[in-house]
Structures are given as C-alpha cells and as structure tokens.
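Fold and geometry: a report
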Amino acid sequence: MKWQQVQEGPSAVYVVVLDQGEDAVAELTAFARDRSLGASQVTAVGAFSEAVVGWFDRRAKDYRRIPVQQQCEVLSLIGDIAVADDGPTPHLHAVLGLSDGSTRGGHLLSGRVWPTLEVVVRDSPTELAKTHRPDIGLALIDLG
C-alpha cells in the first residue's frame, strides 16, 4: 500500500493505492488506525482477484457470506470510517462486476486486490462513534 495526502488541514484528503495481493478491508482498517481517522468518507475503484461480500441477515444478526471466486471489477466501493470499540473501523459496500456483465454487491468483507485498488479517503475534523447495538447485531454510528 502506498498513500499520499493530497489536501492538508482539518479536512484532510488522502489517496491510497493498494497493491496486488493485499486485502482491501485489512489494509484500509490499518490505514485508518495508523492515521487516527475518526469520521471519513471512502470511495474507490479497481479490481479484485476474489472477494467476499455480505448481506446482513436480520434474524441471524450476521452477514450471509457471498463469495466471488473470480476476477471482478470494483465498479463502486463506498463507505465511511468511524470509531468503534477497537478503533477506527471502515464500513464498506461494494458493487463488483463479473466477466459476463453481471454484478455482485453488498458489505465488503474481504477483497484480494488485483491489480490495484485506488481509494480516496476524505477525513473530517470531528469524530463519529460507532456503538454496538445488541438488538440489531451491528455497531452503528451513534449521533447521541
């Protein structure tokens, strides 16, 4: 992973380029924690050699894993970064394009980068906290 800060100040903007073979979720989590990001917006394009997206099952209070075991284009990746109990945590959704033109989408659980993932992270000067909601089974942004 390489990154460059392209805008200074309290609303910093970073361009993060992930390398072939890296896991997008793990690398973006490490980046967010290393930079102490507290309220950021994330967008990205690129491709994966394989990925797993998830659909949240309300009854099970967990994600149903949807494996994508083929090369796929990251047509859209959007999300946020807020502070959870274990530190800054990305919440990412992706739409992945397959070779036949069909798509898979959902919560990005993992994505093995190939050949690149180009990410823009727009931080803000505030901090948003995620609070675990046992009734739902997720940590959600808590505005008070």
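Residues numbered from 1 in each chain as written. Predicted model: local features only at pLDDT ≥ 70, side-chain atom pairs only at ≥ 80, totals over all residues. Heavy atoms only, no water.

This paragraph deals with the nonpolar core. With 29 residues, the main nonpolar core has Phe48, Leu96, Leu108, Leu117, Val119 and Val121 as its most contacted residues. Of all the secondary structure elements, the ones that give two or more residues to this core are β2 (13-18), α1 (24-34), β3 (39-57), β5 (72-84), β6 (87-97) and β7 (103-123). The contacts of Phe48, once residues within four sequence positions are left out, are Ala24, Gln70, Gln71, Cys72, Val74, Leu96, Leu108, Gly111, Arg112, Val113, Trp114 and Leu117. (Core = buried A, V, L, I, M, F, W, Y, C linked by side-chain atoms within 4.5 Å. Buried < 20%, exposed > 50% of the residue type's maximum accessible area, 1.4 Å probe, protein only. Helix = DSSP H or I, 4+ residues; strand = E, 2+ residues; numbered from the N terminus. Contact = heavy atoms within 4.5 Å.)

What follows concerns α1. For α1, every residue scored as buried is listed here: Ala24, Val25, Leu28, Thr29, Phe31 and Ala32. The buried residues of α1 occupy one face: seen down the axis, they fall within an arc of 160 degrees. Close packing links the buried residues of α1 with β1 (2-7), β2, β3, β5, β6 and β7. A distance of 3.2 Å separates the backbone nitrogen of Val25 from a side-chain oxygen at the start of α1, and that oxygen is part of Asp23. (Arc of directions from axis to C-beta. Polar contact = N/O pair within 3.5 Å; in protein donor to acceptor, adjacent residues only side chain to side chain.)

Now for the packing of aromatic side chains. One pass over the structure, following the stated rule, counts four aromatic pairs. Ring plane angle 70 degrees and centroid distance 5.6 Å describe the contact between Trp3 and Phe31, whose orientation is recorded as edge-to-face. A residue pair is termed long-range when its members are at least 10 positions apart, and Trp3 in strand β1 and Phe31 in helix α1 qualify at 28 residues. Between Tyr14 and Phe31, the ring centres sit 5.4 Å apart and the planes meet at 80 degrees, which makes this aromatic pair edge-to-face. One end of the pair, Tyr14, is in strand β2; the other, Phe31, is in helix α1, with 17 residues separating them in the sequence. (Phe/Tyr/Trp six-rings, centres within 6.5 Å; stacked < 30°, edge-to-face > 60°.)

Such coordinate-based values are descriptive only and should not be taken to indicate function.
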